[in-house]
Amino acid sequence: MPETADRTKFSRYPMFWLALSFAAGILVAPVPSISPAIWLGISLAFAAIALLFNKHMGAPLLVALAFVSAGALVSQFETKRNAADYRLKTLYDNGTIQSGSPVELEGVLQGRPELSAGGVFLTLRSDSIRYHGNESKVAGDVRLFVQGDEPGSQISDLKYGSRIRAACSLEREDEYLNPGVMPKREMLDRLGIDATGAVKSSLLIEHIADERVLLPLAWVYDQRGVLIANFQQGLGQQAAGVMIASLLGDKYFLDKETADLFREGGTFHILVISGLHITFIGGLLLLFLRQITKNRWLQFVVTSGLLWAYTLAVGANVPVVRASLMFTIVLFAYALYRKGTLVNSLGVCGLILLVWRPSELFDPSFQLTFVSVGAIVALAYPVLDTLKRIGSWTPTSQAPFPPNVPDRLKRFCEMIYWRPAVWSIESKRQVWSAKLFKTPYLAGKIGDGIQKAFCYVFEGLLFSMIVQICMLPLSVVYFHRVSVASVLLNLWVGVFIAIESFAAVIGAILGHLSGYLAAPFMAIADMTNWLMLSLPRLLSSLNWASFRLPAYTGAGRVIYFLYFIPIVLLILAVSRWKPFDIARRAGLARRRLVVGALVAAVAFASIVILHPFSIPPPDGRLHIDFLDVGQGDSALVTFPNGETLLVDGGGRPKFGNASRSSDDDDEPFVPDTRGIGESVVSEVLWYKGYSRIDHILATHADADHIQGLTDVAKNFSIGSAVFGRTPMDNHDFATLSEILHRHGVPVEIVAHGDVLKFGNVTVEVLYPMPTPDPNSVSDNNHSVVLRIIYGTRTFLMTGDIERQAETELLNVGETVTADLIKVPHHGSRTSSTQPFVEAVNAQYAVISVGRRSTFGHPHKDVVERWLAAGGEVMTTGERGMISVSTDGKDIVIGRFAN
């Protein structure tokens, strides 16, 4: 009897347990002492023993161990395949080809050219590359951006399957070397891209031939391009971007403001082709086919075929493939007249995907999908099913007695699910008569339509809330965001985007017949889009949509694993919840389990959200971290008492200025790209455990210094802001000022002669000179210059001052000597004059600059001057984040990339 029970537990969801075992094997695969041959032998041995003793109670364990070994084996094979000598990524990673060098690449397009602001994207499956006159056979997918589209070029003739040769510069190297910032190469590997590149002109692309392709698929790609054009022509800029992203998987037309509203509200997943879209489209296809034929196999073949065509049309990204695979598996079970459980479908999907790409286990998208689906399958559906049975209870042989639940819960469930008319019809079919006494809330006061609407809202909120609770650790680790309003906004946005999608698609179809017929539907789509964004925009303006959090690092990450323990206990409690069971002895134990799990869940959630252990405690030392923000400046000063000062926030000089106007709207188009302040500076601060920065300081209003501070002001609680000038006619400064004003952050203006105190540290403001007009120009030569003094050690922060400001500082007799200097203006030849270098007499000179500066920084002569003065020169482009600390006597230098 024990043997049967054990085997039954395993066989209820065999694919789930086998997938879990396979995943465990992927985790142990990096063990260096075990080769693929050994893993293969272990797997075969366990499988053979399990086959010989298949009736023994230990057989399931042996099968699981065989799959663990198989997972490790497949993972090691993938690692070797990715590191093959002919892989494009390998040639760049081992230095055979230098990143950024010009090459000539040949390959076949994997889809139609994708339009975007300012150019076109091409996805190319490469097969040969010419570098320094030598041609080599290669493999790997490349993402190319082609600037513009000159008349007469061949790019407009390109299509799926076109073989092309392109002269371009491919890049595969990590851009910003800082702790907490995802390396670019890791990001590319997650996307399945070996390298990215830019083609300066479409004239540098040669269309060689057209390879043979699957014609139906080519037609799908063509229609996708037509639909994108129809949306662009018929819809406003904002609505077109939403439709193209949510229906066709192309986010290049999505503007930044709209994307940020979706992110803040926790609904950005709706704009990403995912399981939601696949389930919706597959369900509609199946519903339509059921009206035409009762043949389940025909329904399966047609629905699956169209669904996979759509999957390929939108790019066949792994999340889309994952969702289509799951839908196909469930539909196949339906065609076999077998009940396909969601848990087993999830297991089959996971197993196939992990066999295909074992590294998917570490991909955030994979984890998010399976945690969210697992939450629905294991917790949301069982809870909802039980609540339905409580609310709609009528006497049956399986449940002859009313549910044993608290009266308030029973009345609430009856209010949602009890249908008196259904009971009346059912009772008339019986030879006996009976009367049920129900006491739902609002009995007789709500109609059937209102009840159904309330039921929809309740179920949607319940599902959304359960998913959000289970996703909390992943949301914090990967997005540093807790979306307070997402439970509500998922419903709001889901309804409106469905209406908008139907209106836009119908309008696009009718547009082939007549623009007049299409216009009303396109207008409905535009209006629906405005209504959809109105609530997220309101909540965002009130700062109620979401808040940002740091994530624990190192050993602290164990809290995220512990968080799931009470979640699992709740799942166990729900699985044992039998409200119609006559035996009620287990009720008290179940309630204790639920209460204990809820208390533990709240405790762990509090530790995650309040993050009391993430902030580094004061250590009595002064720390200055010069972040690698490319061509820009940003430095975090942490004082001995724990106070923080962020000096500048980096930024892109032209970020946010890209413009593209639609036919109906002359507003500039700002593409949805992450700025330096979000993708670099904020990530570093979160990595360090901060959700609050005590003070921010902008040395001047140039974009590469001030722009990132806007993102920091959005993402963090700010104590105060310090400026030398407040030029409200400067766009970047005005944007930052508006955010600070909205959040109630006090602003302080400083000038030459001011002194700031932070515990035992003195900060002298050496520049700019005082002015009666605080709104005057804030350029390089009016940068704020700080001299930080702690004990016997001094540090000079110079912004972007040039020759004029350096001379003025020396003429007024200001003391500029320092042990370490942040070299002015990224090492430009317009700064670091010989008299200034000699006066500073620094032991260390830090230059904040990109690895390959478009301005030629740092200039050779400048570097030589600082070296000749006895200083050690370090650049963030080469060393990554440079960290300096002192106790007032010593100086300790750390480099992220040694």
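Residues numbered from 1 in each chain as written. Predicted model: local features only at pLDDT ≥ 70, side-chain atom pairs only at ≥ 80, totals over all residues. Heavy atoms only, no water.

**Some details on unusual backbone geometry**
Alright, step 1. Looking along the chain, the bond that leaves Tyr767 and enters Pro768 is cis, with omega of 5°.
Alright, step 2. Within the secondary structure layout, Pro768 lies in the loop between β17 (761–767) and β18 (785–790).
Alright, step 3. His857 connects to Pro858 through a cis peptide bond whose omega is -10°.
Alright, step 4. Here Pro858 lies in the loop between β21 (844–847) and α27 (860–868). (Helix = DSSP H or I, 4+ residues; strand = E, 2+ residues; numbered from the N terminus.)

**Observations concerning the packing of aromatic side chains**
Alright, step 1. Taken as a whole, this structure holds 13 aromatic pairs when the rule is applied.
Alright, step 2. Between Trp492 and Phe496, the ring centres sit 4.7 Å apart and the planes meet at 50°, which makes this aromatic pair tilted. Of this pair, Trp492 and Phe496 are both found in helix α18 (residues 486–510), four residues apart, which corresponds to roughly one turn of the helix.
Alright, step 3. Judged by relative accessible area, which is 29%, Trp492 ranks as partly exposed.
Alright, step 4. Here Phe496 falls in the buried class, since its relative accessible area comes to 17%.
Alright, step 5. An angle of 90° between the planes, with centres 5.8 Å apart, marks the rings of Tyr563 and Phe564 as edge-to-face.
Alright, step 6. Relative accessible area serves as the criterion here: at 3%, Tyr563 is assigned to the buried category.
Alright, step 7. Three or more aromatic residues joined by ring pairs form one cluster here, namely Phe121, Phe145 and Tyr252.
Alright, step 8. Above the plane of the ring of Phe268 lies Arg263, whose end atom (NZ or CZ) is 4.3 Å from the centre. (Phe/Tyr/Trp six-rings, centres within 6.5 Å; stacked < 30°, edge-to-face > 60°. Buried < 20%, exposed > 50% of the residue type's maximum accessible area, 1.4 Å probe, protein only. Lys NZ or Arg CZ within 6 Å of the ring centre and 35° of its normal.)

**Some words on the pattern of salt bridges**
Alright, step 1. Per the counting criterion, the structure on display carries 38 salt bridges.
Alright, step 2. Here Asp93 makes a salt bridge to Arg172, at a shortest N to O gap of 2.9 Å. Here the residue Asp93 occupies a position in helix α5 (residues 88–93), and Arg172 occupies one in the loop between β5 (162–171) and α6 (184–191), the gap between them amounting to 79 residues.
Alright, step 3. Between Lys159 and Asp210 there is a salt bridge; the shortest N-O distance is 3.9 Å. Here Lys159, found in the loop between β4 (134–147) and β5, pairs with Asp210, found in strand β7 (residues 205–210); they are 51 residues apart in sequence, far enough to count as distant.
Alright, step 4. Of the residues examined, Asp210 reaches a relative accessible area of 42% and is grouped as partly exposed.
Alright, step 5. Taken together, the salt bridges that share partners define one network made up of Glu104, Glu106, Asp127, Arg163, Arg165, Glu206 and Glu211. (Salt bridge = Lys/Arg side-chain N within 4 Å of Asp/Glu carboxyl O.)

**Quick word on the sheet that holds β18**
Alright, step 1. Spatially, seven strands are ordered β16-β17-β18-β19-β20-β21-β22 in an open sheet, and the strand pairing comes out mixed. In the strand order of this sheet, the two ends are held by β16 (755–758) and β22 (872–875), each with one partner. For this sheet, the mean angle separating the axes of adjacent strands, direction not counted, is 20°.
Alright, step 2. By the bridge criterion, three bridges tie strand β19 (residues 793–797) to strand β20 (residues 820–822) in an arrangement that is parallel. (Pairing = 2+ DSSP bridges. Axes fitted to C-alpha atoms, helices over the stretch in contact; angles between N-to-C directions.)

**Side note on the sheet that holds strand β13 (residues 692–698)**
Alright, step 1. One open sheet holds the eight strands; their spatial order is β15-β14-β13-β12-β11-β10-β23-β24, and the pairing between them is mixed. Only two strands of the sheet have a single partner each, and these edge strands are β15 (747–749) and β24 (892–895). Direction aside, the axes of adjacent strands within the sheet are offset by 20° on average.
Alright, step 2. The pairing of strand β10 (residues 622–626) with strand β23 (residues 882–886) spans five bridges and is classified as antiparallel. The partner of Ile624 across the bridge, within β23, is Val884.
Alright, step 3. Lying over the sheet, helix α24 (residues 731–742) contacts β13, β14 (717–723) and β15, oriented at roughly 140° with respect to β14. (Contact = heavy atoms within 4.5 Å.)

**Observations regarding the pairing of β4**
Alright, step 1. Summarising the sheet, strand β3 (residues 119–131) and β4 pair through twelve bridges and their orientation is antiparallel. The residue bridging Ser128 from the neighbouring strand is Lys137, located in β4.
Alright, step 2. Count of turn residues in the β3/β4 antiparallel hairpin: two residues, of which His132 carries a positive phi of about 55°.

**Comments concerning the environment of Val330**
Alright, step 1. You can see Val330 is positioned in helix α12 (residues 318–335).
Alright, step 2. Through-space distance from the C-alpha of Val330 to that of Asn344 is 9.2 Å; in sequence the pair is 14 residues apart.

**A look at the state of the cysteines**
Alright, step 1. On inspection of all chains with the given rule, the structure shows zero disulfides.
Alright, step 2. No disulfide involves Cys455; its nearest neighbouring cysteine sulfur is the one of Cys413, lying 11 Å away.
Alright, step 3. With no disulfide partner, Cys470 has as its closest neighbouring cysteine sulfur the one in Cys349, 19 Å distant. (Disulfide = S-S within 2.5 Å.)

**Examining the packing of helix α8 (residues 237–248) against α18**
Alright, step 1. Axis separation between α8 and α18 bottoms out at 11 Å; the angle between their running directions is 95°. The angle between α8 and α18 places the two elements in the roughly perpendicular class. Each of Ala239, Val242, Met243, Ser246 and Leu247 in α8 lies in contact with α18, whose residues at this interface are Ile497, Glu500, Ser501, Ala504 and Val505.
Alright, step 2. Among the residues forming the contact of α8 with α18, the class breakdown is seven nonpolar, two polar and one charged. (Parallel < 35°, antiparallel > 145°, perpendicular 65-115°, else oblique. Nonpolar A, V, L, I, M, F, W, Y, C, P; charged D, E, K, R; others polar.)

**Focus on a nonpolar patch on the surface**
Alright, step 1. Together, Tyr456, Val457, Val495, Ile499 and Ile524 make up a nonpolar patch on the protein surface, roughly 400 Å² of accessible area in all.
Alright, step 2. Listing elements by their share of the nonpolar patch, those giving two or more residues are α17 (448–479) and α18.
Alright, step 3. Looking at the element boundaries, Val457 is found in helix α17.
Alright, step 4. Note on Val457: relative accessible area 37%, which makes it partly exposed. (Patch = residues over 30% accessible without salt bridge, like charges linked within 9 Å, V, L, I, M, F, W, Y side chains within 5 Å. Areas by Shrake-Rupley, 256 points an atom, 1.4 Å probe, with all protein chains shown as cover.)

**Looking at the side chain of Thr798**
Alright, step 1. Along the chain, Thr798 falls in the loop between β19 and α25 (803–811).
Alright, step 2. The exposure class assigned to Thr798 is buried, which follows from its relative accessible area of 0%.
Alright, step 3. Only 2.5 Å separates the side chain of Thr798 from the backbone oxygen of Lys822, close enough to count as a polar contact.
Alright, step 4. Once residues within four sequence positions are removed from consideration, Thr798 is found in contact with Ser783, Val784, Val785, Ile821, Lys822, Val823, Pro824 and Phe836. (Polar contact = N/O pair within 3.5 Å; in protein donor to acceptor, adjacent residues only side chain to side chain.)

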